[in-house]
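Take a look at the letters that make up each chain.
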Amino acid sequence: MAGRTVISKSGAIRAAALAACAALALSACGSTKDTGASGGGAGDKGGKVGVILPLLTSPFWQAYNDYVPKMAKSQGVDALKSVNSNSDPAQQITDVNSQLNQGVAGLVVAPLDSAAISAGLDQAERKGVPVVAVDVAPEKGKVAMVVRANNTAYGEKACEFLGKTVKSGKVVQIMGDLASVNGRERSDAFRTCVKSKYPDLKVLEVPAKWESDAAASKLDTLLNANPDIKGIYMQAGGVYLAPTLQTLKSKKMLKKAGEKGHIAIVSNDGIPQEFEAIRKGEIDATVSQPADAYAKYGMYYVKAAMAGKTFKPGPTDHNSEIVKLPNGMLEDQLAAPLVTKKNVDDPDLWGNTVK
């Protein structure tokens, strides 16, 4: 996930989500027709599209939210004003139900909890409303497409960067919520890569659940016990960048790249604040998660689904590949490049196009 705060309270939230969904009436689900991976136009079937955000406290999601109306217009989609679920998975199910009750013909949702969102997906399927999931792949349910970058690659890229930069010693990964597939994939990939390729690195972990306060307090405690940390992997710069830099600064451990004692830091998101930190030498790299492409292809696929079109695995016409997930869902894995001081000023990076 891209810079989230609070995500899941596990069983209680999922039970609440299921209860909220039970109130909706059932109706038949429409059928679709198969097309190629690149797809053509989405056809003429229209209708309102609901857009549900996970939160708006992260610069990444603020940027995505700003892109939504622009990309909806460019794709010819009549999108309603975005709804913010405010980091609450149960509220997100209520938001899905509310949009369905308003008669939307399609939904673009960025799930907060990979499992809990299935209750909302079930209700949308019963009403014949196609759903596109952005950023997080649901564990089960029906979606027309998951629009997402390869989160396993995020963890691997962070591992490779720190492995080649630090070489030996202690490194920290500040993790996301493991209730999210994003948090699990990034954590597992980083941990596995270090173990197999860089055995001289010792991984210490901070479970922060996409919460900035948790990241700050737990990192502070960890640094007290381990002042010899050499590297940090932040799984979400949108919520972890500021608290991480502030914590290091308060301990006089924030050294610029090239200075003695510099702690190598690699992040995920690609927000302007990360780019500025790279330019200043405060952090070394980030993986640019495509907020603009998330909005663009979220709208593209929901329009296609509303017109009765589907897709199949294979390369696309926009430098990505549609893959079939183990649960049977299709995922368009968008490109997410590593950004360092060498390419941080690339004008094609979305983080250089927003303020």
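Because the structure is a prediction, the values reported are computed rather than measured. (Residues numbered from 1 in each chain as written. Predicted model: local features only at pLDDT ≥ 70, side-chain atom pairs only at ≥ 80, totals over all residues. Heavy atoms only, no water.)

Explanation requested: the overall build of the protein chain in the structure shown.
Looking only at helices and strands, one finds 10 helices and 15 strands in the protein chain. Within the protein chain, residue pairs in contact and separated by at least 24 positions form 75% of the contacts whose partners lie at least 6 positions apart. About 14500 Å² of surface is accessible on the protein chain, with carbon and sulfur atoms providing 52% of the total. (Helix = DSSP H or I, 4+ residues; strand = E, 2+ residues; numbered from the N terminus. Contact = heavy atoms within 4.5 Å. Areas by Shrake-Rupley, 256 points an atom, 1.4 Å probe, with all protein chains shown as cover.)

I'm lost on the sheet that holds strand β15 (residues 338-339) in this one. Help?
Paired through their backbone hydrogen bonds, the strands of a sheet run either parallel or antiparallel. With respect to topology, 6 strands assemble into an open sheet ordered β8-β7-β9-β10-β11-β15, the strand pairing being mixed. A strand with exactly one partner marks an edge of an open sheet, and here the two such strands are β8 (201-207) and β15. Where strand β9 (residues 229-234) and strand β10 (residues 264-269) come together, 3 bridges link them in parallel fashion. Looking at the pairing, Ile232 lines up with Ile265 of β10. (Pairing = 2+ DSSP bridges.)

Explanation requested: the pairing of β9 in the structure shown.
Judged by how many residues are buried, β9 sits mostly within the fold: 5 of 6 residues are covered. Sheet topology places strand β7 (residues 169-175) next to β9; 5 bridges connect them, and they run parallel. The partner of Lys170 across the bridge, within β9, is Ile229. In this fold, β9 hands off to helix α8 (residues 237-250), which returns the chain to β10; that crossover is right-handed. (Buried < 20%, exposed > 50% of the residue type's maximum accessible area, 1.4 Å probe, protein only. Right-handed = clockwise from strand over helix to strand, strands pointing away.)

What should I look at first to understand the pairing of strand β13 (residues 321-324) in this one?
Regular strands place their side chains on alternate faces of the sheet. Summarising the sheet, strand β12 (residues 314-315) and β13 pair through 2 bridges and their orientation is antiparallel. If you follow Gly314 over to β13, its bridge partner there is Ile322. Where β12 hands over to β13, the hairpin turn is made up of 5 residues, of which Asn319 adopts a positive phi near 60 degrees. Bridge analysis of β13 against strand β14 (residues 330-334) gives 4 bridges, and the strand direction is antiparallel.

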